[in-house]
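# Fold and contact review
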Amino acid sequence: MADQAPQYSTAEERAFDVEKAESPEEKVLDDLAIAELAGAQFDDPNLDKENIVAFDDESPYPEVRSAVANTDDPTMPVTTLRTWVIGIAWAILIPGLNQFFFFRFPSVSIGGIVAQLLSFPVGRAAAAWLPNWHIFGIAINPGPFTVKEHVLITIMATVGAGSAYATDIIAVQRVYYNQIYNFSYQWFVVMSTQLIGFSIGGVARRFLVSPPSMIWPANLVNCALFNTLHSQQYAGIGTRGGISRERFFVYGFLASFVWYFFPGYLFQALSYFSWVTWIAPENTKIAGLFGYVHGMGMSVITFDWSQIAYIGSPLATPWWAEANIFAGFVFFFWFLTPVLHYTNTWFGEFMPISSRTSYDNEMKSYNVTRILTADSTFDIEAYHQYSPLFLSIITATLMHAFLYFRKQIWVQARRSLHEQPDIHARLMSKYEQVPEWWYLTIFLSMFTLGIISIEVWPTEMPVWAFVLALLISFTYVIPIGMIQAITNQQVGLNVITELIIGYALPGRPIAMMMFKTWGYITMAQALTFTSDFKLGHYMKVPPKPMFWSQVVATVIAGTVQLGVQAWMFTNIPNMCDPHQKDGFICPSTEVFGTASIIWGVIGPALQFSKGQTYYPLVFFFLIGAVAPVIPWLISKRYPNSIFKYIKPVIFNGTGLIPPATAINYVPWAGVGFIFQYVIRRRHFSWWTKYNYVLSAALDSGVAVSILVIFFCLQFPQNGSIGSTNIATWWGNTVPFVGADNDGTPVRSLAPGERSIAPEISSILHTIEVT
């Protein structure tokens, strides 16, 4: 059929590999042939037409060829007893530890790359030392530890490794609203918010997993590491000489591990290298321009890979996507922000340029307790007497998806897995797929738990709001998933959900948190599961074991996290107090709780409605809807122009600011330009062999080094190790002193002046809160 990849029956009919073509004219492929090879029913910016191959047993994308094996052994063991034992053990240990440290500052997180590395020696040891016995016909040791077992164990270790978002709802209810409900309520909320997004996986896999154009760049780093550890073969690296990938990884890992001790512990100025502010630390204008903590970060230098890769590895994200993000960063943070700030728009000069907190009209941190009644509801009179809220200085996604991906979505809706042109999809089509009714069962059961949790307990959230939240989440899964699969960047829905529920149900903070979680995290979880499915797709792990490993591990991880959290609130004195002696100050709970009051109690009507301080920002929703049309029209007229590379991530570029700053964006874009543009173009064979392995090595070395530093040098003795020597020398103190660290504004209140915006009180009008 027309949608299938071209099949070649003889050597003469078989197309050539253009990487090896000698004459320029040989490198020209018909656009229709390219579309068939890539399965992309849109102008795919990731397609490298200079390095595309026409072999139907290789991926047309050099990124995929360089990291993923194009062969499969269906007889390779996958769901062995040791797979489940090791995987469940990690699903208990890693989420439990992460939840424990989630409430502590400074914190540490055991990420996916650490689980992937640790699982390898554990699996190899099990294969070497376990006896070759059978229990009820099940082999304890079926032979060598396989890459498919490794993938499944890693997915079980990581799918629920991070703190479940809904655990913060429970913590906020306890800390801010004195609501302590039983374990059934907690379990229902966590399971529903974690798993209900998984139900859409049965639909999303057709759009986000099977098509070759959905490359999911972050997964390629994991694939490169899996295949390096297990010495798999690759189609894309050719016969390039040099040291092996295994040795290259070891050298990179050791260098990264050792080096991080300098910017991470011994010489932290190498990480926060705001060298200009060191010259005049108390100069507020220099701090605003060049500082990294509260400024715009125009010092632009860091020697810390964890800072460079904070928003994702620059070696995995395509250069054109990095250029979009960097362009958005430059325009919004380095151009628009200083214009608004230094013209004192929204009284910005009285506040630091970048800050994680909100302020009152005296430039003090906003005291939310002053606008609450005794029963933790909104007191509008107290709000008018106290102060409006001041903040220091999404719709494009749907429009972009309609313009660029509408044909792709329609084709994929009609296409089965067997019809995909990619070698990996054809290899996976041999395995039995997950029945649709499995996903439907997950959805109905988790939907029921959600209804029970909001109806049986006094959450003040109506059922229609629950359904609306799910509709928002499901509507965005495909377009945001496509953008993430192509660009390696996820667009968040948190602001959209906060605005909708804030206007619809003002004065209901618990309902706001739940609406935000079901409306945003359901989508994020769906994409997490889908990304794991793509990883399994690349590594040829059968879909049914993938399904059960994800579901079981998520249930176990969420249950363990709730147990750890309950134990901590019961046994740790002064939990979540800002002065808790062991550092369990709950920074995330503080942010989430403040957000629940800002958006759920005060509500957006008193901030973004007509006549309010931030009303002009509402028009950015309209701008976001219109903006994608302009480059789309230009690219239709000039199909080879730069405008075809402009994507919605240009608006999402500053989405992580704060806590991210220029220290994360500028070096990230610089490294990405060197590796993903310069080296990829000029030294393509080196890039295909080592690029993703280098990314895995740097990520792994930093992750393990962070764990060693934390557990050996920071956590023992409550961080007092080195407190009188290493921690006090100039290289560890200079980044955290002066106007940048203190957030000193350009302008301060004059003597006797009590408000940065005295005229605000004259335009505030009473809005009835129901």
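Counting from 1, residues in each chain are numbered in the order their sequence is written. Local features in a predicted model are, by the rule used here, given only for residues with pLDDT of at least 70; side-chain atom pairs are given and counted only at 80 or more, and totals for whole chains, interfaces and linings are based on all residues. Note that water and hydrogens are dropped before the side-chain values are worked out from all heavy atoms of the structure.

### A look at the packing of aromatic side chains
- Working definition: rings of Phe, Tyr and Trp (its six-membered ring) pair if their centres are within 6.5 Å, and the pair is stacked with planes under 30 degrees apart, edge-to-face with planes over 60 apart, and tilted otherwise. This structure, assessed with the given rule, holds 46 aromatic pairs.
- Ring-pair connections join several aromatic residues into one group, and the members of that group are Phe198, Trp437, Trp438, Tyr439, Phe529, Phe533, Phe547 and Trp548.

### Things to note about the side chain of Thr80
- Each helix is a run of H or I in the DSSP string that is no shorter than four residues. Each strand is a run of E no shorter than two, and both are numbered from the N terminus. In this structure, Thr80 sits in the loop between α2 (62–67) and α3 (81–102).
- Polar contacts here mean pairs of N or O atoms no more than 3.5 Å apart (in protein, one a potential hydrogen donor and the other a potential acceptor; neighbouring residues in sequence count only if both atoms are side-chain atoms). A polar contact of 2.8 Å, which involves the side chain of Thr80, links it to the side chain of Thr83.
- Here Thr80 is in contact with Pro142 and Glu149, once residues within four sequence places are set aside. It only takes one pair of heavy atoms within 4.5 Å for two residues to be counted as in contact.

### Points about the environment of Gly450
- Take Gly450: it is sitting in helix α19 (residues 436–456).
- Considered as a pair, Gly450 and Val467 are 17 residues apart in the sequence and their alpha carbons are 9.9 Å apart.
- Setting aside residues up to four positions removed in sequence, Gly450 forms contacts with Ser192, Phe466 and Trp518.

### Quick word on the state of the cysteines
- Here, the term disulfide refers to a pair of cysteine sulfur atoms separated by no more than 2.5 Å. Inspection of the entire model under this criterion finds one disulfide.
- The side chain of Cys576 participates in a disulfide bridge whose partner is Cys586; the two sulfur atoms lie 2.0 Å from each other. In this structure the cystine formed by Cys576 and Cys586 twists about its S-S bond by roughly -80 degrees; its chirality is therefore left-handed. Within this pair, whereas Cys576 is found in the loop between α23 (543–571) and α24 (587–602), its partner Cys586 is found in the loop between α23 and α24, the two being separated by 10 residues in sequence.
- Burial here depends on accessible area, computed with a 1.4 Å probe over protein chains only, as a share of the maximum for the residue type. Under 20% is buried, over 50% is exposed, and the range in between is partly exposed. Its relative accessible area of 12% is what places Cys576 among the buried residues.

### Concerning a nonpolar patch on the surface
- A cluster of nonpolar side chains, namely Val463, Trp464, Val467, Leu468, Leu471 and Ile500, defines an oily patch on the protein surface of about 470 Å² accessible area.
- Topologically, Leu471 is positioned in helix α20 (residues 463–487). What goes into a patch is any residue over 30% in relative accessible area without a salt bridge, connected to like charges within 9 Å or, for nonpolar side chains (Val, Leu, Ile, Met, Phe, Trp, Tyr), within 5 Å. Accessibility throughout is a Shrake-Rupley quantity obtained with a 1.4 Å probe, and a residue counts as covered only by protein chains that appear here. Salt bridge, as used here, is a side-chain nitrogen of Lys or Arg placed within 4 Å of a carboxyl oxygen of Asp or Glu.

### Overview of the packing of α3 against α23
- In contact at an axis separation of 8 Å, α3 and α23 are set at 35 degrees when each is read in the N-to-C sense. Judged by the sense of rotation from one axis to the other, the crossing of α3 with α23 is right-handed. Counting all contacts with α3, which are made through Trp84, Ile88, Ala91, Ile92, Pro95, Gly96, Gln99 and Phe100, the residues of α23 involved are Trp548, Ser549, Val552, Ala553, Ile556, Ala557, Val560, Gln561, Val564, Gln565, Trp567 and Met568.
- Under the scheme applied here, ten amino acids are nonpolar (Ala, Val, Leu, Ile, Met, Phe, Trp, Tyr, Cys and Pro), four are charged (Asp, Glu, Lys and Arg), and all others, including Gly, are polar. Its residues assigned to classes, the contact of α3 with α23 comprises 15 nonpolar, five polar and no charged. Note on method: axes are straight lines fitted to C-alpha atoms, helices fitted across the in-contact stretch only, with angles between N-to-C directions ranging 0 to 180 degrees. Crossing handedness is defined as follows: a turn of the near helix away from the far one that is anticlockwise and smaller than a right angle gives a left-handed crossing, while the clockwise case is right-handed.

### Here's the deal with unusual backbone geometry
- Residue Asn178 is not a glycine yet carries a positive backbone phi of 55 degrees.
- For Asn178, a relative accessible area of 65% gives the class exposed.
- Non-glycine residue Glu460 carries a positive phi angle of around 60 degrees.
- Note on placement: Glu460 falls in the loop between α19 and α20.

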